Amino acid sequence: MAAPRVAKAKPAARSAAARQIAALLWQDKVAFVSAVLLLVVIFCTIFGPWLMADQARAVNLMAHNAPPFSLSKGWMFVLGADALGRSLLARIIVASQNTILIASSAVLLSMTIGGALGLVAGYKGGWISATLLRLADAIMSFPSMLLAVIVLFVFDPGVQNVILVLAVSRIPIFLRTVRAEVLEIKERMFVTAALAMGANTNRILFRHIAPMVMPTVINLAALEMAFVMLVESGLSFLGIGIQPPEVTWGLMVADGRNYLGSAWWLSFWPGVAIMTVTMALNLLSNWLRLVTDPVERWRFQTSAGAR
């Protein structure tokens, strides 16, 4: 009879944990606004191309470089139009899919590979750790932007190559961070107890140590996603990132640089989108760092209880 009670207790515990996290998020209004903004961006990423693709591609030479804040041509042109008369609002919404997809894919790939290598390097030590660290040093000896420029100049600057080169350049960050965490965690008593019980290496790494490392990895991933977005935008601005007819925020900034004197809004609004999402990711990652820290989370809960 105990099994059904345990099965019912798990959803209740998860629901309570979700309510607690939501309460902590609501308590920090800056983090709450950042989370809402990122949810809006995710919605645009998923549904934007489906809803706005036709408007983003529709050419209207009568609206050539139409200025912003005018509803004479409809609410879709509230941010203005580009050189071909296409709605900037629709293009920014559609471009969010490629921008967020590239950044999230690169971070997820680097987090998976770098995290797994960091677990092995921290737990095994010895020549395995030394070899992985030297490999990370070799990658980090090249700045991320320079490495991406060299690789994409030699190979085709497509979506897959951009994701791969950005992911490879960020693997050492996750490897070093996870390794440092594992070096401390593997000395704790629960790891010693697992070894005494006969647990194998894979079980110890992925069932006992990995969950302890995840909060740090998630915080780092939020910061890295903001950095990768900026690098991808820089590559698109230089003309070696995503190529037309695909569109990203960085490519929109690059397309508008020839009109900065006469139509500043062509580059301004995509730049604002990049800046806003980057800032939201940084603010939310700072909140995650505080919440996952037991000392800081205790302060959150105390102040919430006092209210």
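That block above? That's the structure.
Residues numbered from 1 in each chain as written. Predicted model: local features only at pLDDT ≥ 70, side-chain atom pairs only at ≥ 80, totals over all residues. Heavy atoms only, no water.

What follows concerns the overall build of the protein chain. Along its length, the protein chain carries 11 helices and 0 strands. Moving toward the C terminus, one meets the helices and strands of the protein chain in the order α-α-α-α-α-α-α-α-α-α-α. Counting all 307 residues of the protein chain, 44% fall into the buried class. A separation of at least 24 residues holds for 70% of the contacts in the protein chain among residues at least 6 apart in sequence. For the protein chain, the exposed surface amounts to about 16,700 Å²; the carbon and sulfur share of it is 70%. (Helix = DSSP H or I, 4+ residues; strand = E, 2+ residues; numbered from the N terminus. Buried < 20%, exposed > 50% of the residue type's maximum accessible area, 1.4 Å probe, protein only. Contact = heavy atoms within 4.5 Å. Areas by Shrake-Rupley, 256 points an atom, 1.4 Å probe, with all protein chains shown as cover.)

Positionally, I46 belongs in helix α2 (residues 29–57). Looking at I46, the relative accessible area reads 53%, which means it is exposed.

Further remarks concern the side chain of T45. By the secondary structure assignment, T45 is in helix α2. A distance of 2.8 Å separates a polar side-chain atom of T45 from the backbone oxygen of V41. (Polar contact = N/O pair within 3.5 Å; in protein donor to acceptor, adjacent residues only side chain to side chain.)

Per the stated rule, a full pass over the model turns up 5 aromatic pairs. With a centroid separation of 4.9 Å and 45° between ring planes, the pair formed by F43 and F47 is classed as tilted. Taken together, the residues span about one helical turn, with F43 and F47 both in helix α2 at a distance of 4 residues. Residue F43 is classed as partly exposed on the basis of its relative accessible area of 47%. (Phe/Tyr/Trp six-rings, centres within 6.5 Å; stacked < 30°, edge-to-face > 60°.)

In this section: unusual backbone geometry. A positive phi angle is found at N65, which is not glycine, with a value near 50°. Counting through the fold element by element, N65 comes out in the loop between α2 and α3 (88–124).

Positionally, R257 belongs in the loop between α9 (249–255) and α10 (265–292). For R257, a relative accessible area of 41% gives the class partly exposed. Among all residues touching R257, those that are not within four sequence positions of it are F237 and S267.

Our focus in this paragraph is the packing of helix α5 (residues 144–154) against helix α8 (residues 201–238). Look at α5 against α8: their axes get within 11 Å of each other, and the N-to-C directions meet at 45°. By the angle between their axes, α5 is oblique relative to α8. The interaxial crossing formed by α5 with α8 has right-handed handedness. In this structure, α5 contributes S144, M145, A148, V149 and L152 to the contact, and α8 contributes F227, V231, G234, L235 and L238. (Axes fitted to C-alpha atoms, helices over the stretch in contact; angles between N-to-C directions. Parallel < 35°, antiparallel > 145°, perpendicular 65-115°, else oblique. Left-handed = near helix turned anticlockwise from the far one by under 90°.)

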